[in-house]
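# Per-entry structural report
One-letter residues, chain by chain:
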Amino acid sequence: MPKICWEEHTWPELREAARQGRVVVLPVGTIEQHGPHLPLATDCITSREMSRLAVERCPADAVLMPQVHYGFNEHHLDFPGTIAVDGPTFINYVTDIGKSVAHHGFRKILFINGHGSNVPFLDIAARNITNRTPAICALAPWWTLAEPAVTEIRESEIPGGMAHGCELETSVLLYLRPDLVDMSQAVKDINFPPSKWIYWDLQKSSPVTFMDFFSRFSRTGINGDPTLATREKGERVVECVVNNLVDFIKEFRAREIAQRVDHH
Ligand SMILES: [Zn+2]
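Keep in mind that what you see is a predicted model, and the values were worked out from it rather than measured. (Residues numbered from 1 in each chain as written. Predicted model: local features only at pLDDT ≥ 70, side-chain atom pairs only at ≥ 80, totals over all residues. Heavy atoms only, no water.)

### Description of the side chain of Asp-212
Checked against the element boundaries, Asp-212 lands in the loop between helix 6 (167-176) and strand 6 (223-224). A relative accessible area of 19% places Asp-212 in the buried class. Of note is the side chain of Asp-212, whose polar atom sits 2.7 Å from the side chain of Arg-216. In contact with Asp-212, not counting residues within four places along its chain, are His-75 and Phe-217. (Helix = DSSP H or I, 4+ residues; strand = E, 2+ residues; numbered from the N terminus. Buried < 20%, exposed > 50% of the residue type's maximum accessible area, 1.4 Å probe, protein only. Polar contact = N/O pair within 3.5 Å; in protein donor to acceptor, adjacent residues only side chain to side chain. Contact = heavy atoms within 4.5 Å.)

### Details of the state of the cysteines
Counted according to the given criterion, the structure contains zero disulfides. Here Cys-5 is not cross-linked by a disulfide; its sulfur's nearest cysteine counterpart is in Cys-58, at 13 Å. Classification of Cys-5 by relative accessible area gives buried; the value is 10%. There is no disulfide at Cys-137, and the cysteine sulfur nearest it, in Cys-58, is 17 Å away. (Disulfide = S-S within 2.5 Å.)

### Remarks on the sheet that holds strand 2 (residues 62-64)
The strand order 2-1-3-4 describes an open sheet built from four strands, whose pairing is parallel. Two strands bound the open sheet, and with one partner strand each, they are strand 2 and strand 4 (136-141). Neighbouring strand axes in the sheet, compared pairwise and without regard to direction, differ in orientation by 25 degrees on average. Inspection of the sheet shows strand 1 (residues 23-28) paired to strand 2 by three bridges, in the parallel sense. Following the sheet pairing, Val-25 is matched in strand 2 by Leu-64. (Pairing = 2+ DSSP bridges. Axes fitted to C-alpha atoms, helices over the stretch in contact; angles between N-to-C directions.)

Have a look at this one:
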């Protein structure tokens, strides 16, 4: 099998990977509290492992980058362990990674994100890279690639049962790193104030976007129902995400980058 990890290549090997038009996959996580039953690295583990499993299945099409561990999560700081990076710093940092990747000749970059609040910042970073380099850059949070599995396995209420440290994330961790999950500490905690316009669920976005400090509505640090999580659910979700990711990587690799037209 060809090498898949960016940092394990020599420079001539990496030059060859760029010439082959491989897609560069950058997993992005966060270090933050996930309640009393999940590790601080939950979003790093999910994004990194799903990316790794996907790239391993299409090693001729992709390269896996070392992960970005820190992200935007100031709203979690009332709980110990959270490491928060300011939004503009995060955008600039990830944009710079993409600029370097493009500088070395790669033309397709894909962010696989594990943390909900990273999304708007990664979207801007991806646009920066597309706007300012010869490469194009796309973004997928893993849970948006998890259908139809999520609909099939879901038992928790909508909205709210799948948000943070929830049925979904806990199931995925039970599959990927069961040694880091303490189900004896898992409790249902869905106390994001109910509203027709503002709710929070990984499967369904509310019409109005709003996020508050976690300690204002969650006693445990989670929002969701992890008591419904199982390893089997996690395996189905991960399998679904990885299959969809492989499909997208192949499509993205083949995607033509059209010439821009200056109409002045
Ligand atoms: Zn998470």
